[in-house]
Amino acid sequence: MRISDPAICMPRVIREILQMRFDTAFLDDLRDRVPISDVIGKRVAWDKRKTNAPRGDWWACCPFHGEKTPSFHCEDQKGRYHCFGCGVSGDHFRFLTELDGLSFPEAIQQVADMAGVTLPAPDPQAARREKERASLSDVMEMATTFFQENLQTAEGAKARAYLRDRGLSGKTIATFRLGYAPEGRNVLKQHLVSRGVDKQQIEACGLVVHGPTIAVSYDRFRDRIMFPILSAREKVIAFGGRAMSADAPAKYLNSNETEIFHKGRVLYNFTRARRAAQGADGAKTIVAVEGYMDVIALHQAGIEHAVAPLGTALTDNQLDLLWRMTDEPILCFDGDEAGTRAANRVVDLALAGLQPGRSVRFALLPQGQDPDDLVREAGRAPLDAVLHAARPLADMVWVRETSSGVFDTPEKRAALEANFKRVTSTIADESVRRHYVQDMRDRLSAYFESTGVDAGSNRSRGYNGRGNSGGGYNDGRQQGYAKGTGRAGRAGKRHIVSDKLARSTMVRGASGQPALRESVLVFTLINHPELLISDFDDVGSLEFDNRQLADLMSILLEMCADGSVPEREIVLKRLKAHGHEILIDQLALQIRFARTWTATPQAALEDAREGFIQALALYKRTQALRQQKKDLEGDIAEATEGGDLDVIPGLMRSLQSVQQEFDRLEQQEAIIDGFGVLSGRVQGAAQK
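Only a predicted model underlies this, so the values are computations on that prediction, with no experimental measurement involved. (Residues numbered from 1 in each chain as written. Predicted model: local features only at pLDDT ≥ 70, side-chain atom pairs only at ≥ 80, totals over all residues. Heavy atoms only, no water.)

Across its full length, the protein carries 30 helices and 15 strands. A buried classification covers 52% of the 688 residues belonging to the protein. In the protein, once contacts between residues fewer than 6 apart in sequence are set aside, the share between residues at least 24 apart is 69%. For the protein, the computed accessible surface area is about 31,600 Å², with 50% contributed by carbon and sulfur atoms. (Helix = DSSP H or I, 4+ residues; strand = E, 2+ residues; numbered from the N terminus. Buried < 20%, exposed > 50% of the residue type's maximum accessible area, 1.4 Å probe, protein only. Contact = heavy atoms within 4.5 Å. Areas by Shrake-Rupley, 256 points an atom, 1.4 Å probe, with all protein chains shown as cover.)

Spelled out as structure tokens, the structure:
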């Protein structure tokens, strides 16, 4: 059940009180007078192909989440909208409250204005509550201005120096309305009182510390850099304060809960990030970072779609806010133990709220760095690389449960399997839970098979939970290839990838994670940089849809631009410096599970080249078939729309033929005669 945020919609009790002012007949009359398409049409572009305007049947790309294919539907006759992608639905008033952040009365006023109808006389009690809330917002605005002005005084010099040292420009400081709270115990309180603000209002805003045991209230924020926290309507509802003194008991201090502020239901920079994500050139996703300064630094670097919880762990309400903006937000955590713990906590939180098409991804920063550090030292490129390499939730579940365990007995492997059953059982949606159970079963099967029933612990094999060993990538011979105990070893002169996990990874590649075939190509080049020069024409022809691999490939090509062959260790160092360490670990894990040993550093150069050429041929043919399939589907759609029905059967037969070959190639991997002769892998066959 989705819990409404008072910063976006009125709390239920207040909404019910306000609805007493407008009876059902009046609201129904407004809905009848104004077609819902008129309300929504101001915020979306209707899809011409799916919309049937004369019947009042309208389709568009959903304004609540980024999408390319219209799944947002509204019907004038029913006065309702529904998105088949993210599940939002409602009427005229809910659309305005949830998308534009209007209060319920404001939404009614807007629809009434469109209908040319005068609103009934206001209910006195509701009007009083609204006036009180408005007056608190006025007080918070006065406090914000006071803090801003103090930042520019002599007393605010140390705060200005701190912000300058953190790399913030004057424009950024003004955009986020940063300020400074002076050291005195009553400076803000006296300022507000001198402007006619009474004691009760100051206390209601949480600007002073007060209570039965405190004789005289005093300013809550003293000697702190001030971060105004805005509602969805961009009104100041609270503050965060960063202490200037190292002796302060709390480095960061937030406003207490008030009538207008509920910490667990607000995200810092919510409205600005939502606009950035949903604009015409928006990022179509939201990045959640850990702190105010991270959000501000990213904004200054050009990443304007970032938000942050308010100094606490992400709550279910805040996660729900993220899902209102995008189907798959990226959660970015600092590269330290605390960041890892925070990520693992969110794993459990996210699992419970999963729905078809709705999940989260995890971006893990280099050890000891946060987003602010990264963009300040090297600009946005390294952080972009980290975000592009964000890992799916399923990967995080797998790593968390396997990274620190030792599974060298049947009992321990059974315990691991039981853990996965327990974790996946928390997923409420039945279809998503079923797919997670199958995914974990496939991973376990491949993992136990790769380590062997009589294997030692993960640590003895160098497995660290991220797919690579402590000193480099695992040699395929450790998994039994050289002795012929694996399928590839038994095949002798053939290398066949048929692992269930490898196939499932290929399927997942289309939605963000690199496909196995693409991973083989790139991983081979990383471990055998000589191919960058000797096979430059083939390398230069690679064009990956996966943005992470495309970024990594551009770095590889840049390194060999002068015609020299870079050493493997230098290649790895450069790629990791650009934020690709997590991606490299992902590639290593894929290659390990798929047993594609020709891509590993242990393969001889000629074996690696032969494997690369064969994988490249399959890749190019698959890409060509994908384009043919797309062209044929377009021709069929055009013929259908134009009424040219005679050509459709032939086009359908061609499409079926292309699809069959495409499916066959998707399941086929390189079968290479003579593989391993130079690498010493099939010496017996070579001698014969």
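Before going further, it helps to examine the sheet that holds strand β9 (residues 236-243). With respect to topology, 4 strands assemble into an open sheet ordered β5-β8-β9-β10, the strand pairing being antiparallel. Looking along the sheet, the strands with just one partner apiece sit at the ends: β5 (179-181) and β10 (252-254). Neighbouring strand axes in the sheet, compared pairwise and without regard to direction, differ in orientation by 35° on average. As judged from the 7 bridges shared by strand β8 (residues 224-230) and β9, these two strands associate in the antiparallel manner. Within β9, the position partnered with I225 by the bridge is R242. (Pairing = 2+ DSSP bridges. Axes fitted to C-alpha atoms, helices over the stretch in contact; angles between N-to-C directions.)

Here the focus is the packing of aromatic side chains. Scanning the entire structure with this criterion turns up 19 aromatic pairs. Where Y447 meets F448, the ring centres are 5.8 Å apart and the plane angle is 40°; that geometry is what we call tilted. For Y447, a relative accessible area of 1% puts it in the buried group. An aromatic cluster is defined as three or more aromatic residues linked by ring pairs; in this entry it consists of F176, F227, Y252, Y268 and Y292. The aromatic ring of Y218 is capped on one face by R185, whose charged end is 4.2 Å from the ring centroid. The positively charged end of R272 is found above the aromatic ring belonging to F176, 4.6 Å away from the centroid. (Phe/Tyr/Trp six-rings, centres within 6.5 Å; stacked < 30°, edge-to-face > 60°. Lys NZ or Arg CZ within 6 Å of the ring centre and 35° of its normal.)

Take helix α16 (residues 381-388) next. Burial runs high along α16: 7 of the 8 residues are buried. Taken together, the buried positions of α16 are P382, L383, D384, A385, V386, L387 and H388.

Before going further, it helps to examine unusual backbone geometry. The phi torsion at R177 lies on the positive side, around 55°, for a residue other than glycine. Its place among the elements puts R177 in the loop between α8 (170-175) and β5. Even without being a glycine, N269 presents a positive backbone phi close to 75°. Structurally, N269 is set in the loop between β10 and α11 (270-278).

Here we take up helix α7 (residues 157-165). Residues of α7 that are buried include every one of A159, Y162 and L163, and no others. Looking straight down α7, one finds its buried side chains confined to an arc of 95°; they lie on one side. Exposed side of α7, more than 90 degrees from the buried face: R164 and D165 are the residues found there. After α7 finishes, the residue G167 shows a positive phi value of roughly 85°. (Arc of directions from axis to C-beta.)

This part covers the environment of A624. Mapped onto the elements, A624 comes out in helix α28 (residues 605-642). The class of A624 is partly exposed, set by a relative accessible area of 33%. A624 sits 38 residues away from F662 along the chain, and the two C-alpha atoms are 9.4 Å apart.

What follows covers the state of the cysteines. In this structure the tally under the stated criterion is 0 disulfides. Residue C83 stays outside any disulfide, its sulfur separated by 3.6 Å from that of C62, the closest cysteine. (Disulfide = S-S within 2.5 Å.)

Structurally, S519 is set in helix α22 (residues 516-527). Relative accessible area serves as the criterion here: at 0%, S519 is assigned to the buried category. Those residues in contact with S519 that sit more than four places away from it in its chain are P514, L587, Q590 and I591.

A separate point is the confidence of the model for the protein. Residues of the protein with pLDDT of at least 70 account for 79%, and the chain-wide mean is 78. The lowest-confidence element of the protein is helix α20 (residues 487-491), averaging 33 in pLDDT; the highest-confidence one is β5, averaging 97. Overall, residues 1-20 carries pLDDT values under 50, and its contacts beyond four positions in sequence, including any with other chains, amount to 46 contacts. Segment residues 669-688 is flagged for pLDDT under 50; beyond a separation of four residues in sequence, or across chains, it makes 56 contacts in the model. (pLDDT = per-residue confidence, 0-100.)

On to the packing of helix α4 (residues 92-100) against helix α5 (residues 104-115). Close contact between α4 and α5 brings their axes to 9 Å; oriented N to C, the two are set at 125°. In terms of orientation, α4 lies oblique with respect to α5. In the packing of α4 onto α5, the handedness of the crossing is right-handed. Here H92, F93, L96 and T97 of α4 lie close against α5, whose contacting residues are F104, A107, I108, Q110 and V111. Tallied by class, the residues present in the contact of α4 with α5 amount to 6 nonpolar, 3 polar and no charged. (Parallel < 35°, antiparallel > 145°, perpendicular 65-115°, else oblique. Left-handed = near helix turned anticlockwise from the far one by under 90°. Nonpolar A, V, L, I, M, F, W, Y, C, P; charged D, E, K, R; others polar.)

Pairing is mixed across the open sheet formed by 5 strands, whose spatial order is β12-β11-β13-β14-β15. What marks the edges here is a single partner per strand, and that holds for β12 (306-307) and β15 (391-392). Two elements, strand β13 (residues 330-335) and strand β14 (residues 361-367), share 5 bridges in a ladder whose sense is parallel. Across the sheet, the residue bridging to C332 is A363, located in β14. Against the sheet, helix α14 (residues 337-353) touches β13 and β14, its axis set at about 155° to β13.

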